[in-house]
Amino acid sequence: MDTTENRAVSAGRWFSPAEPPRESRIRLFLMPHAGSGAAAYRGWTRLLPAEIGAQALTLPGRQSRRAEPLPADWESLLDGLHRAVLETVDDERPYAFFGHCIGAMLAYRLTVRLEADGDPPPSLLGMSGWSPRGFFRAPPGHEKLSMDEFGGLFKDLGAFPKELWDDPDMLDLVMPPVIADFRIAVQYEDDGAVVECPLVSYAGRSDPLLVEPDAMTAWTGRSRRYLGHQEYPGGHFYVGEHATAVMSDFGRRLLRITDDR
């Protein structure tokens, strides 16, 4: 298998689609919330102009990658995602990251690593529903919680849609990746890293996981080109209801930035 085929196979595991349409001059990597994968962004392509081709991330152990082991180590997961992005991007098209919840955490830390290693960085970073400061912290003893106890914890937080809790089969599919991602996320230790690329943040006004009222203001000091913050009605999953508005704002900024290059 030649290098091109190898790249396509790797990209196809991590991102859907493996390649954006030819007419798209910009890649947009969409990184989903805990427990989910590319399906979280189903239909988002139509929210973007044709110039922007979306590729949604699926981590191991869920959806199309259900046969693979769930991630257990933060650094190993970041290493794998780093390699996948480098194998997917090219010299012809700029790219951007938009992440929600743990997807935002991954996008931020991946950008820090790309810039530190001298790799081509994203043109724009979109942070949604997560902040390096003032975000929900794991309770003491979380390592010993059962799946049912984890379910109760997340249910009390209102962190997932109500319909999920009424469907036992869906819970059996969703909860193991959610718990794995939760355990990955608690390994994260913030070091205050600042990125060079432009960054814009988004959140729901009533997000129960943003436990400090000014949590999202932490982003003001995390980019040398911070572009501001947008809030919308709703909780942690505000982005589902307001996807059109969020992508309209993000896409407009991305086109302007890449046009200025």
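Up top you'll find the structure we're talking about.
Scoring rules and cut-offs
- Residues numbered from 1 in each chain as written.
- Predicted model: local features only at pLDDT ≥ 70, side-chain atom pairs only at ≥ 80, totals over all residues.
- Heavy atoms only, no water.
- Helix = DSSP H or I, 4+ residues; strand = E, 2+ residues; numbered from the N terminus.
- Rg over C-alpha atoms; globule rule 2.2 N^0.38 Å.
- Buried < 20%, exposed > 50% of the residue type's maximum accessible area, 1.4 Å probe, protein only.
- 1 Å grid on protein atoms, 1.4 Å probe; cavity = no way out; pocket = protein on both sides within 12 Å on 5 of 7 lines; lining within 4 Å.
- Points joined across faces, edges and corners; volume = space filled by probe spheres on them.
- Core = buried A, V, L, I, M, F, W, Y, C linked by side-chain atoms within 4.5 Å.
- Contact = heavy atoms within 4.5 Å.
- Polar contact = N/O pair within 3.5 Å; in protein donor to acceptor, adjacent residues only side chain to side chain.

Looking at the overall build of the chain
For step 1, the next point in the chain: Per the secondary structure count, the chain includes seven helices and seven strands.
For step 2, the next point in the chain: Beginning at the N terminus, the succession of helices and strands in the chain can be written as α-β-β-β-α-β-α-β-α-α-β-β-α-α.
For step 3, the next point in the chain: Whereas a compact globule of 261 residues would reach a radius of gyration of roughly 18 Å, the chain reaches 18 Å, a difference of no more than 12%.
For step 4, the next point in the chain: By its C-alpha atoms, the chain is 50 × 45 × 35 Å across when sized along the principal axes.
For step 5, the next point in the chain: Counting every position in the chain, which comprises 261 residues, the buried fraction comes to 54%.

Digging into the layout of surface pockets
For step 1, the next point in the chain: Each pocket or cavity is described by its volume, and for the largest pocket that value is around 730 Å³.
For step 2, the next point in the chain: Residue lining of the largest pocket: 31 residues in total, with His 33, Gly 35, Ser 36, Gln 63 and Val 174 positioned closest to the centre.
For step 3, the next point in the chain: Sorting the residues of the lining of the largest pocket by element identifies α5 (168-185) and α6 (238-241) as the ones contributing at least two each.
For step 4, the next point in the chain: Looking at the lining of the largest pocket element by element, the count peaks at six residues for α5.
For step 5, the next point in the chain: Of the volumes computed, that of the second largest pocket is approximately 400 Å³.
For step 6, the next point in the chain: In this structure, the second largest pocket is lined by 27 residues; those nearest its centre are Met 105, Trp 130, Phe 135, Phe 136 and Ala 185.

Here's the deal with the nonpolar core
For step 1, the next point in the chain: Counting 54 residues, the largest nonpolar core has Met 31, Leu 81, Val 85, Phe 97 and Tyr 108 as its most contacted members.
For step 2, the next point in the chain: Mapped onto this core, the elements with two or more residues apiece are β2 (26-31), α2 (74-88), β4 (95-100), α3 (102-117), β5 (125-128), α4 (147-157), α5 and β6 (195-204).
For step 3, the next point in the chain: For this core, the element with the most residues is α3, which contributes nine residues.
For step 4, the next point in the chain: Residue contacts for Met 31: discarding those within four places in its chain leaves Tyr 41, Leu 57, Leu 81, Phe 97, Phe 98, Gly 99, His 100, Gly 103, Leu 106, Ala 107 and Leu 110.
For step 5, the next point in the chain: Among the nonpolar cores identified, the runner-up in size contains 26 residues, and Ala 96, Phe 98, Val 200 and Phe 250 belong to it.

Concerning the environment of Asp 191
For step 1, the next point in the chain: Relative to the assigned elements, Asp 191 resides in the loop between α5 and β6.
For step 2, the next point in the chain: In this structure, the C-alpha to C-alpha distance between Asp 191 and Glu 51, residues 140 residues apart in sequence, is 35 Å.
For step 3, the next point in the chain: At 2.9 Å, the side chain of Asp 191 and the side chain of Arg 109 are in polar contact.
For step 4, the next point in the chain: Reaching out from Asp 191, the side chain makes a polar contact with the backbone nitrogen of Ala 193 at a distance of 3.1 Å.

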